[in-house]
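Read off the chains here:
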Amino acid sequence: MTTTIAKKEFTEIFRDGRFRWIAGVLLLMLLVAAITGWNQAQETKAEREAAAKMDEQTWLAQGNKNPHSAAHFGHSAFKPAAALSYVDQGLNAYLGVAIWLEAHYQNLSSHRPIEDKTALQRFGELTLAWTLQYLVPLLIILLAFSAFAGERERGTLRQLVSLGVPSRKLALGKALGVAAALALVLIPATILAAVLLAGLRTGESFGEAALRFITLSGSYLLYFAAILGLSLAVSAKVKSSRVALLSLLGFWLISSLLAPRLASDFAERLHPSPAVSEFWSAINKDMQEGIDGHNPSDERNKQLQAKILAQYNVKELKDLPVNFAGIALQEGEEYGNQIFDKHHSRLWALYGKQAGAQQFASVISPLLAVRNVSMGLAGTDLYQHRHFAEQAEAHRRKIVKLLNEDMTRNAGTQDYNYLADPALWSKVPQFEYAPPSLGWVLGNQFGNLLILGLWCAATAFIAARAAGKMRVD
Amino acid sequence: MLEALNLTKRYNGTVALDDLNLKIEPGEIFCLLGANGAGKTTTINLFLNFIAPDGGAAKIKNLDVTQHPLETKKFVAYIPEQVMLYKNLTGLENLEYFSALAGHENYSRKDFLNFFGQVGLPSDAADKRVSTYSKGMRQKVGIAIALAKNAEALLLDEPTSGLDPKAGNEFSELLKRMSGNGVAVLMATHDLFRAKECGTRVGIMKHGKLVATIGAEEIGHTDLERVYLEHMRE
């Protein structure tokens, strides 16, 4: 009986010329978004690879140079385009694409694509994620708002109910019919997206990317099911299809436009982010209280001198078998690292609090939940950015330490006049970002996935109940 | 088969149906006459459990319809005053859909065309979309749906509205044939002629009350119109 109802719903929808038009346009948008997203990901990948290569070449071509000067000259860590970034650009535009790795400082990422964009481009790009999050729900609403209310108005509901059709089967059949119509749009788009994924060669393994793709598709299906359940529930509950359509469009406005906006304002007000200048001045304040590798006259440096002289059992710095400037530099570096760890982990904790505050809004806006899951799986969210920034920082510390150690070992009494052999530069490893596993992403997104699941279960329950209590006219 | 026991329905304090007691046996055709708002449609809606009674009970095959809403519907077929169909489907697809939902999934195309033949619907109309149908044609599809359901009782709410006299007559013949096979029929109608022609009993309703019942033995030689108008005057 359920399949009979589903088949009839599908036939009716499919024979409606308006559906064919809207579905056709939407499918076209999805295909275009997939292809342009893919092209953009390819370009980004090529650009960043070229930039990383150039950076490496410049590094290697430094010639004879003091290691600490080289550490100041620095390296850059480029964030590779994530395999699924063609589906969801996420926060990419707002997060920098590279981090400058230099001595003494843990820098924030720089080169935010949004800085190069016009006001109009800021409004939003046509991406798969945007189309799936904003437009597909509209299609679902258009397909389902009249499911019950329309039959009630036309009078067919009386005849249907007079046959003794159980209301739950009716609701399920209608849900499946709409889902089948939706599949006409979503299946071709998914196939194309999957083919494009196979054609995209990134650093990540294809198996991992495919798993992410499948999880991503599943998450969107949960989101669509929630919208469909809600549409059917409203259609069964309200008197006319007009009221059903208006209520559902109202929900769409709140869920997609109002709630995300208010949630981010609310989160920012509750846990204000520091201005970049404030962030740095707090770090500098802490630094001034510690030793400075360039200035051997302060308190901590004296203590370090005494400690090192005692360790090697000599009276003067010039009698040391190692270079003291190198030791002092590394000591200063490690002291600074503690300060950076303190301030950066505070900043990330603040972002975490903001995300938590925003999550409350996903109780009324499933879009917020799916948006986070989507960005998370695409690897374009704040979590993965932190993951990247932490690896880049670990790499920075490794490079600086290697250079300081070379100075300690080989500079003798020359200090900053010592010039290292160019062979040293090639000992510095290249930065290779290792993206996190799917399990790591799922751990971060557990709350959002749970909310999506609850949305699905709740709307299915409400739809079944509303259909059970439905009036025939 | 169909039984109303002290059946009462009020809408915002106004009595729409007042203490109706009625029993229709298999093979009977009970015609309910009355002005608009007399309670005829309310009675049928109560039997279909579309609305809940404020007192008494409507029973189909001795089952209270409010307690067995799905089961009792299996025994009855319903034809409303305006049969509404899915306009993007053909007549045959509509019949097929409603039959399948009523539990008859094994009918062949030939069976469906046969039902259309019985209700006087031309076979070339079967594959046309219902949006091209006239009201009379839609009504005939409704009758075919009821026929295909193979029900033990019929609840008819002015089923012949919009039918031309010939089709109305064919419908009367069809009803008589079905009652001959033991089907119980409750038909609300304005059509005195049709009531006299095929009814085995006729009830006259006024302000929610069944004010008169004319039995099978009198119906043939009663001037129905005169009796009806007398009741309406009071």
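Refer to the structure presented above.
This write-up is about the structure you can find in this document. None of these values were measured; they are calculated from a predicted model.

### Considering the overall build of chain A
Helices and strands together make up the secondary structure of chain A, namely 18 helices and 2 strands. Here the C-alpha atoms of chain A give a radius of gyration of 29 Å, more than 25% beyond the 23 Å that 2.2 N^0.38 yields for 473 residues. For chain A, the C-alpha atoms occupy an extent of roughly 105 × 40 × 35 Å along the three principal directions. Taken over 473 residues, chain A has a buried fraction of 49%.

### Description of the packing of aromatic side chains
All names here are of chain A. Enumeration according to the criterion identifies 18 aromatic pairs over all chains in this entry. Plain terms: the ring middles of F388 and F431 are 6.0 Å apart, the flat faces sit at 70° to each other, and that makes the pair edge-to-face. Of the two residues, F388 is situated in helix α15 (residues 382-410) and F431 in the loop between α16 (423-427) and α17 (438-444); the sequence distance between them amounts to 43 residues. There is no split in this pair, since F388 and F431 are both buried.

### Quick word on the sheet that holds strand β1 (residues 2-11) of chain B
Strand pairs in the sheet, formed through backbone hydrogen bonds, run parallel or antiparallel to each other. Residues and elements named next belong to chain B. With respect to topology, 4 strands assemble into an open sheet ordered β2-β1-β4-β5, the strand pairing being antiparallel. The open sheet has two edge strands with one neighbour each: β2 (14-24) and β5 (63-64). Bridge count for β1 against strand β4 (residues 55-60) is 5 bridges, and the pairing is antiparallel. From the neighbouring strand, E3 faces β4, where its bridge partner is K59. Helix-sheet contacts for helix α1 (residues 40-47) involve β1, β2 and β4, and the interaxial angle to β1 is about 115°.

### Observations concerning the side chain of R48 of chain A
Residue and element names in this part refer to chain A. Mapped onto the secondary structure, R48 falls in helix α2 (residues 17-60). Here R48 is buried and forms no salt bridge, its nearest opposite-charge partner E47 lying at an N-O distance of 5.8 Å. From its side chain, R48 meets the backbone oxygen of K79 in a polar contact 2.7 Å long. Leave out the neighbours within four places in its chain, and R48 touches F78, K79, P80, A81 and V97.

Calculation notes
Residues numbered from 1 in each chain as written. Chains lettered and ligands numbered in written order. Predicted model: local features only at pLDDT ≥ 70, side-chain atom pairs only at ≥ 80, totals over all residues. Heavy atoms only, no water. Helix = DSSP H or I, 4+ residues; strand = E, 2+ residues; numbered from the N terminus. Rg over C-alpha atoms; globule rule 2.2 N^0.38 Å. Buried < 20%, exposed > 50% of the residue type's maximum accessible area, 1.4 Å probe, protein only. Phe/Tyr/Trp six-rings, centres within 6.5 Å; stacked < 30°, edge-to-face > 60°. Pairing = 2+ DSSP bridges. Contact = heavy atoms within 4.5 Å. Axes fitted to C-alpha atoms, helices over the stretch in contact; angles between N-to-C directions. Lys, Arg positive; Asp, Glu negative; His and termini not counted. Salt bridge = Lys/Arg side-chain N within 4 Å of Asp/Glu carboxyl O. Polar contact = N/O pair within 3.5 Å; in protein donor to acceptor, adjacent residues only side chain to side chain.

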